[in-house]
Each structure stands twice: as structure tokens, then as C-alpha cells.
Amino acid sequence: MITFTEPTEQDILNEKLYADMGLTDSEYDKVVEILGRQPNYTETGIFSVMWSEHCSYKHSKPFLKQFPTTGDRVLMGPGEGAGVVDIGDDQAVVFKVESHNHPSAVEPYQGAATGVGGIIRDIVSIGARPIGLLNSLRFGELSEPNNRRLLRGVVAGIGGYGNCIGIPTVSGEVEFDPSYDGNPLVNAMCVGTIDHDKIQKGTAKGTGNKVIYVGLKTGRDGIHGATFASEELTDESESKRPSVQIGDPFTGKKLMEATLDAIRQPELVGIQDMGAAGLTSSSAEMAAKGESGIALHLDQVPVREEGITPYEMMLSETQERMLLVVEAGSEDKFLDMFEGYELDAAVIGEVTDTDRLELFFHGEKYADIPVQPLSDEAPVYILEGEAPAQDETPYSYSDQDLNKVFDALIGHPTHGSKRYIYEQYDNQVGANTVQKSGFGSGVVRVEGTDKAIAMAIDGKSRYVYADPLNGGKEAVAQTFRSIISTGALPLAMTDCLNYGSPEKPEIYHQLEASTRGMAEACEKLSTPVVSGNVSLYNESKGTILPTPVIGMVGLIEDVNFMAGIEISAGDAVYLVGETTKSFAGSQIEKLIDNDIRKQTRDIDLELEYARGMDLRGRLINGEVKKIAPVGRGGIAIKLAQLSAFHHLGMDVEIDLDGEDLFAENASRYIVIAPAGLDIRDGKEIGRLTDEGFHIGTRDLTIDRSIEAISNTWEGAIPQCMTSMD
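Residues numbered from 1 in each chain as written. Predicted model: local features only at pLDDT ≥ 70, side-chain atom pairs only at ≥ 80, totals over all residues. Heavy atoms only, no water.

Asks: Residue-level account of the nonpolar core, with values.
Replies: Ile120, Leu151, Leu324, Phe334 and Phe338 are the most contacted members of the largest nonpolar core, which has 55 residues in total. Here leucine 324 is in contact with Lys210, Val211, Ile212, Val214, Ala262, Leu268, Gly270, Ile271, Phe334 and Phe338, once residues within four sequence places are set aside. In terms of nonpolar packing, the next biggest core, distinct from the first, is built from 51 residues, Leu23, Val269, Ile348 and Leu359 among them. (Core = buried A, V, L, I, M, F, W, Y, C linked by side-chain atoms within 4.5 Å. Buried < 20%, exposed > 50% of the residue type's maximum accessible area, 1.4 Å probe, protein only. Contact = heavy atoms within 4.5 Å.)

Next up, the structure:
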């Protein structure tokens, strides 16, 4: 019999080894209470990852319960690998967003690549074929060499994995701010489609049914990855490089096709990706959902090297692996099928009626844990938040050189073209991409139909910092605007909540107030939350800005309406929505004041919905040609982005103060349409032209050539990446 040298139960207690794994004293005491004895080394490790913030949401669970999760079209909400929403004709869209922030901070290429691989497997494990990838990224300013290194690595990792596996990356968004120095945010979203009768759940039930492992051999990579993702980043984080998983997109492609093949087999009972916390979370969660027990024989697990212990096997986060439960007697059918895909596979256990997770290695029992407490009884912490003092100092930028402000903003990487990034991604593979990266939401046709799925991802961290409640509403509303701007009906959303340490009262307040605002916006905009992820303890040189990221999908019933729509010189430019002097969290405030004042940001969600749906109807009916939501940088930056992207001039006069061009209040759009149109809450402000870019206001004139606008916008990121190293 193989024996392993591991700390004893008494060593774990006396030396507080459980603390090194992330358990507090009280959590360790609760484990002892649940087991009725001291846990051994493997059991302590299992509890530590299952009760990590990343897996148990112990600080965020009360807030997540605020979100509406049901609706007429919702077929499957939170709790499974991804959410599922009906799109008619017995078809559905499956989607989720997830973070890979900490791994990307330490090892940017692999951290980002495995983030993409993991979110793809979440979609595939439901039985859906992925049709599109998106990403939301945050970095420190590119004036810092380390931030340029992180950007290069992350973008290469996303492209390296997504391009190899053959799924188009169709949209995304990026922001650069000093708060993300050393702590980049890498949120990956995947969207897939599925027939209703193919929807799967991660469940283990049916005593005697077999547990099958398929995918890469288990190695020592990514051990305690979930715990690592639940800690603050420190100078010692670099030493946790082994906690970063290694991606293999070529095996990932084979595993995706094999999984979709397996899901067509009637003997499949349940399936789940071995993602965060690997074999531990997949086996325990499947057993809990099936109200069953599960016994694993770990000596049957395919391993990459000799000597891997049960502890290491259970905590490894080796990528490209799936766990299946199949009807007893059908296991050889599945093993033969996986052999045909040249994948390692083995029967490693069976479903039991014991309600316990039992682990054996060559007949010796290494763990015996009741499933439900492990999976469902992690501690939940409700802390006391502290709202910061409001700063009601009025804004005034009228004495600033606003032409200089305009040039600085359009040339900043946050507002400039993201071509440097998205050209490293394949956004056409599959031949169903209708609208690709570059300007607005991605749109992908549903194979064999006239339907299409619009997909968008966005976050507004400066607004959330200024006013967490209304900033949370605006994060949802901004993504809603992106979806309706394609003509799609918004269906539902997924979220990734990126915050600092919830143990800090101000951060806890940000989390509480912003999720409350998000929940209200979801209700008013008819976009229930069907999946999501939480990433806390994003602390490096300081705390990141509170960054809830929203992923949303919408349905276009007949995508053919988009064919032939082009904007051109002579078209009229409309500003829809009232402009107010709202500068809290704005980009001009960042540039001039280098601060974010804590002031109320107003948003009327009923107006937001009515205005958005009115414009969507006009686009579908052919009354208007283009809808562009006004966002970061205000009206001036949106007009410049439109001019640069379409290589068209602009001749615009607006009855506003010059500083108002940079205001960032909610619910506004630039609309391109024939002249003389009566648009609700809209005003015609000028024309598209063949040459020249002109904006006139009461006290400011901005005149540029189209070439000057385009060169500044296109060069915003490349100039930083090529001229400073």
C-alpha cells in the first residue's frame, strides 16, 4: 500500500495549518462540529476550498438573493454552470461571465487563457454549443511598464485559447485606471445555443450509477486555486504561481466535441466541469444537487505523474476535465466514445445513498464528509458597511482649455480604438458573426435561422464609486443601451462582481448599495439575472474601484433587417435625452481633478426603458440608421468615436455650455437618421459630412480634420505599447 507523509490531525490543530489553507478559527471549529472529530489533511483541504469566498460566496450571498432570477423566458437560473433563456422554436441561449483576476495578475497569459477555457466548459456542460466570446478587462494606466506587460499577456492568452478552439470573440470593453495597478480584472463571457431537450444539469443521482472522469490527466497545477482567488494580492503572490492553471486549447476543443456527443446519449445522468476547486467541487456539488452520496476511488484517476496524493488530486485545478454520472452498465459506451476523441477517461466512482463524500485510495479511506454541510453550509458573514461622506462641491470646468481636454480624452486608451486588442482575436470563425468587435455589441446569427443573438458586456466603476446605489443601476442600464442599439430585445443578464476586501466597511457598503441598485435596474429593465460570479479581495497597491461587470444578451427575431444599413454624409445627427451637469465619476473629472467626488448620480429607470425601447423600434422599422449610447467622455467623445470609426466628418451645433459636452448623465444617445425626424426626447443637432469635424456650443468650438481625429483615436493604445519600452 502506498503511504503519504502528511500532517496529522493534531499537527493541523496545533500548528493552525488550516489557516494557511484559508480557514478561520471559527470555520475550523465548525468543520470539527460537522464531522464530530478533527479533520485529516485531505478533509481540511476540501473544506477550505469549498468554503473559500470564490466557491461559497460567504460575504456576497445575502446580496445575490436580491436579484430577480425568474421570468417568462428563463428556463434555468443561477445554481448551475450557466443560465438558460428561451429564444423560441424550442431553442435557448446559454451564457455566463466569470473572473480570472488573480491568476492573470501573476501569470497573465495562462490566467487569461484558462479563464476563457473555463467559461467555455461552463456553457458546454449545459449541453450548448458556444457561438460567441466576450471579455471585460481592466488595467492600470499604460504609462507603467508592468501594466503594458499585463495587457500583452492577457490579450495574447485570450486570443491564444479562443482562436485555437474555434469560437469567435465578438465584443468586449476595456478601461485603464490607476486603481487596477498590479490587479488587472479579466472577466470572460461565453454565449451558446441549445435545443430545449438537450439542457443538462450537474447532478449525481441513482444509487449505483457510475462516475466517469474525462479530459487531461490530473497534475499538481492550480492546487488551491480557489483559495488563491479569495485572497488579497501581495508581494508573496508571485510565489503562488503554481496556483495558476495551465490551458490546453487543443484538448479543450476535443473535450468540447466529446461532451456535446456525450450529452446526446440517453444514459447520461449529469455532467459538470471540473473548474474552481476541481474534483472537489464538481463531485460534492453534483452529489448535493442529486441529494445523494458519492464514493470516489482516487487510484483510478488518470494522473500526470506518480506520487500525487489524494489531497493534491482533490484540490488540483488541472484544466480541460469533466465529471459525468452515467447509468450503471453504460460506462463502457462512454469510455469507448471518449477513446475515439483520444481523451483520457476512467470510471472513478459511483453514486451512493449515504449522503456522504467518501474518498478511497487503494482501499484506504482518505475522507468521509457529509455532502450537504460541505456544499450548502459554508458560513455566511453579514458585516456592517459604512457610507462615506458626500462631497457636494459644485463642478465647473468652464475655465479649462476644453479643446485640450478633448484631445487628451480621445487619445486616452480608455476611449481610443481597441483595434490593437481585438485584431488579435478571431471574430469571424464559424461564419455566423453579423456584427463583430469594434463598435458596440456583438451579433451572431443562430445557425440555420433568421434569428440572431446580440451580446454585450460593460461596467462603469467610476460611477459606482461616486454613487454605489445609482452607479449599480447605471451599470445595468449601460449594457441595456448597448443591446437595444442593435435592435435586439434584451432577455436577461449575467454579472461578475469585482470588489476589494468586503471586510473593509466602505467596500462592504459599495457591495451592498450597488447590488441593491443593480437589482432594481434588473426589475425595471426586465433583465433577470440567470448566472454570475463574484471576485472579492481585489487589493494590490490599493483597492480597485468597485467594478460590477454586466453581461447581457438580446434576441433579434429577423437579423435581415440589418442588411444594407449604412450611415453616410448628409445623414442627420440627433441627440436624444436631456444633458445635465453630471460630472461625478466622469472622465473629465479624472483628467482635471484626478479624483471621484461622492455625489448622487440620477437615473430614471422607467424613462430609460421607455426611451430605449422606442429607439429600438425605430431601428427595426428602418426609421433610424444607427443608435450610439453616450458613455465615458460624454457627447464630445461619442461624436469623435463615430467620426473616426466610420471615417466621416461631422458638422454639429448644440445649445449647451462647452463643458456640458463632457458631462456623463444617464440615458442619452446619439442617433443617425434622415433629417426632419421627430424623435421622442430628441433634437436634430447637425449632419454627417465628407470632411471636417466641427462641434459648436454656446462658448466652445472644436474643429479638427477627420484624419486628425482618426489618427489620435486609432493610435491611443499602439502609441503607449510601442513608444515607452
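Asks: An account of the pattern of salt bridges is needed here, citing residue identities and associated values.
Replies: Following the criterion strictly, the structure yields 52 salt bridges and no others. Aspartate 25 is paired through a salt bridge with lysine 16; the nearest N and O atoms lie 3.1 Å apart. When its relative accessible area of 37% is taken as the criterion, aspartate 25 is described as partly exposed. Linking aspartate 593 and arginine 597 is a salt bridge whose minimum nitrogen-to-oxygen distance equals 3.6 Å. The exposure class assigned to aspartate 593 is partly exposed, which follows from its relative accessible area of 29%. Since its relative accessible area comes to 14%, arginine 597 is described here as buried. In the salt-bridge network here, residues are joined through shared partners; they are Arg138, Glu173, Glu175, Asp458, Lys460 and Arg632. (Salt bridge = Lys/Arg side-chain N within 4 Å of Asp/Glu carboxyl O.)

Asks: I'd like to hear about helix 22 (residues 605–620), residue by residue, with values.
Replies: Look at helix 22: 23 Å from first C-alpha to last across 16 residues, which is about the 22 Å you get at 1.5 Å a residue. Burial in helix 22 covers these residues: Leu605, Glu608, Arg611, Gly612, Met613, Leu615, Arg616, Arg618 and Leu619. Its buried side turned inward, helix 22 meets helix 19 (468–484), strand 17 (489–498), helix 20 (505–524), strand 20 (572–576), strand 21 (626–629) and strand 23 (669–673). At the N-terminal boundary of helix 22, the capping side chain belongs to aspartate 604, with an oxygen 3.1 Å from the backbone nitrogen of glutamate 606. Within two residues after helix 22, glycine 622 carries a phi angle of roughly 85°, on the positive side. (Helix = DSSP H or I, 4+ residues; strand = E, 2+ residues; numbered from the N terminus. Expected span 1.5 Å × (residues − 1). Polar contact = N/O pair within 3.5 Å; in protein donor to acceptor, adjacent residues only side chain to side chain.)

Asks: Hey, could you go over the packing of aromatic side chains for me, with residue numbers and the actual values?
Replies: Using the criterion set out here, one finds 13 aromatic pairs in the structure. Note on tyrosine 18 and tyrosine 28: the rings are 4.3 Å apart at their centroids and 15° apart in plane angle, and the pair reads as stacked. Here tyrosine 18 is found in helix 2 (residues 17–20), whereas its partner tyrosine 28 is found in helix 3 (residues 25–35), with ten residues between them in sequence. Taken individually, tyrosine 18 and tyrosine 28 each receive the classification buried, so the pair is uniform in this respect. (Phe/Tyr/Trp six-rings, centres within 6.5 Å; stacked < 30°, edge-to-face > 60°.)

Asks: Which residues make up the sheet that holds strand 1 (residues 74–76), and what are the values?
Replies: Taken in spatial order, the six strands make up an open sheet running 1-2-3-6-4-5, and their pairing is mixed. The outermost strands of the open sheet, each flanked by one partner alone, are strand 1 and strand 5 (169–176). Direction aside, neighbouring strands of the sheet carry axes that sit 20° apart on average. The sheet strands contacting helix 8 (residues 108–125) are strand 3 (91–99), strand 4 (129–139) and strand 6 (185–195), and the helix crosses strand 6 at an angle near 25°. Lying over the sheet, helix 9 (residues 145–165) contacts strand 4, strand 5 and strand 6, oriented at roughly 180° with respect to strand 4. (Pairing = 2+ DSSP bridges. Axes fitted to C-alpha atoms, helices over the stretch in contact; angles between N-to-C directions.)

Coordinates in, geometry out; function isn't part of it.
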